[in-house]
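Commentary on secondary and tertiary structure
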Amino acid sequence: MARMHTRRRGSSGSDRPTADEPPEWSDVDEDAIEERVVELAEQGHDPSQIGLKLRDEGVQGTPIPDVKLATGKKVTEILEEHDAEPELPEDFRNLLEKAVRLHQHVEENGQDHQNKRALQNTQSKIRRLADYYRGDELDEDFAYSHETAKELLEE
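Keep in mind that what you see is a predicted model, and the values were worked out from it rather than measured. (Residues numbered from 1 in each chain as written. Predicted model: local features only at pLDDT ≥ 70, side-chain atom pairs only at ≥ 80, totals over all residues. Heavy atoms only, no water.)

Let us look at the packing of aromatic side chains. Across all of its chains, the model carries three aromatic pairs by this definition. Here the aromatic rings of Tyr132 and Tyr133 are separated by 5.0 Å at their centres, their planes lie at 70°, and the arrangement is edge-to-face. According to the relative accessible area criterion, Tyr133 is buried, its value standing at 14%. Put simply, the rings of Phe92, Tyr132, Tyr133 and Phe142 touch in pairs and so form one group of aromatic residues. (Phe/Tyr/Trp six-rings, centres within 6.5 Å; stacked < 30°, edge-to-face > 60°. Buried < 20%, exposed > 50% of the residue type's maximum accessible area, 1.4 Å probe, protein only.)

Written as structure tokens, this is what we have:
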């Protein structure tokens, strides 16, 4: 499939091997995994960072290769159950941060046409993603602007 804002094709990568159950060497209790997920969320980690930490550090010294296989729930589902989910979805927050950085750069460097275009593309992605999240994760009357992005990131 082609990329959104260029004519290039996407990069091909390997798929994760299919598995129905966690490996036998990773036999950590589900409750311990959920406690660790909530603990990492309270420390300010995003769901993707939580997955990486569980993969690398693990729980009680045992790595967790896949949280969903071990617990039957995704990291975000665990966070929702324990009322520890982030205010904004992670992908939306990352795009907002990128747009704020680019806007600041373009204000300082007015002749940087390449980054002006990158800012336009990022804002387009934000608006498209806002349509997806509007009503559930975002207010019904949410409209993107640089000021609203800065306000959302300051919260």
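Right, let's get into the pattern of salt bridges. This structure, assessed with the given rule, holds eight salt bridges. When the shortest N-O distance is used, the salt bridge between Arg16 and Asp66 registers 3.4 Å. Placement of the pair is Arg16 in the segment before helix 1 (30–42) and Asp66 in the loop between helix 2 (47–56) and helix 3 (67–71), with a sequence separation of 50 residues. Taking relative accessible area as the criterion, Arg16 reaches 65% and is therefore assigned exposed. The partner of Glu57 in a salt bridge is Arg36, and the shortest N-O contact between them spans 3.1 Å. Taken as a pair, Glu57 in the loop between helix 2 and helix 3 and Arg36 in helix 1 lie far apart in primary sequence, 21 residues in all. For Arg36, a relative accessible area of 18% corresponds to the buried category. Among the charged side chains, a network of salt bridges with common partners joins Arg36, Glu39, Lys53 and Glu57. (Salt bridge = Lys/Arg side-chain N within 4 Å of Asp/Glu carboxyl O. Helix = DSSP H or I, 4+ residues; strand = E, 2+ residues; numbered from the N terminus.)

Attention now goes to the nonpolar core. If you look at the biggest cluster of nonpolar residues, it comprises 18 residues, and the most contacted ones within it are Leu88, Phe92, Leu96, Ile126, Leu138, Phe142 and Tyr144. Ranked by residue count, the leading element in this core is helix 5 (residues 90–108), at seven residues. With sequence-adjacent residues up to four places away left out, Phe142 is seen in contact with Phe92, Ala130, Arg134 and Leu152. Counting residues in hydrophobic clusters, the runner-up holds 15 residues, among them Val28, Ala32, Val37 and Val75. (Core = buried A, V, L, I, M, F, W, Y, C linked by side-chain atoms within 4.5 Å. Contact = heavy atoms within 4.5 Å.)

Looking at the protein chain, the pLDDT average stands at 91 and 99% of residues meet or exceed 70. Confidence, expressed as mean pLDDT per element, reaches its minimum in the protein chain at helix 3 with 91 and its maximum at helix 5 with 97. (pLDDT = per-residue confidence, 0-100.)

Our focus in this paragraph is a positive patch on the surface. Side chains of Arg3, Arg8, Lys98, Arg101, Lys125 and Arg128 sit close together on the surface and give a patch of like positive charge. Secondary-structure elements contributing two or more residues to the positive patch are helix 5 and helix 6 (113–133). On the secondary structure map, Lys125 appears in helix 6. (Patch = residues over 30% accessible without salt bridge, like charges linked within 9 Å, V, L, I, M, F, W, Y side chains within 5 Å. Areas by Shrake-Rupley, 256 points an atom, 1.4 Å probe, with all protein chains shown as cover. Lys, Arg positive; Asp, Glu negative; His and termini not counted. Charge placed at Lys NZ, Arg CZ, Asp CG, Glu CD.)

Attention shifts here to the packing of helix 5 against helix 6. Helix 6 packs onto helix 5 with a crossing angle of 150° between their chain directions and a minimal axis gap of 9 Å. With respect to helix 6, the element helix 5 is oriented roughly antiparallel. Crossing handedness for the pair helix 5 and helix 6: left-handed. Taking contact as the criterion, the partners of Asp91, Phe92, Leu95, Leu96, Lys98, Ala99, Leu102, His103, His105 and Val106 in helix 5 are, on helix 6, Asn115, Lys116, Ala118, Leu119, Thr122, Lys125, Ile126, Leu129, Ala130 and Tyr133. Residue composition of the contact of helix 5 with helix 6, grouped by class: twelve nonpolar, four polar and four charged. (Axes fitted to C-alpha atoms, helices over the stretch in contact; angles between N-to-C directions. Parallel < 35°, antiparallel > 145°, perpendicular 65-115°, else oblique. Left-handed = near helix turned anticlockwise from the far one by under 90°. Nonpolar A, V, L, I, M, F, W, Y, C, P; charged D, E, K, R; others polar.)

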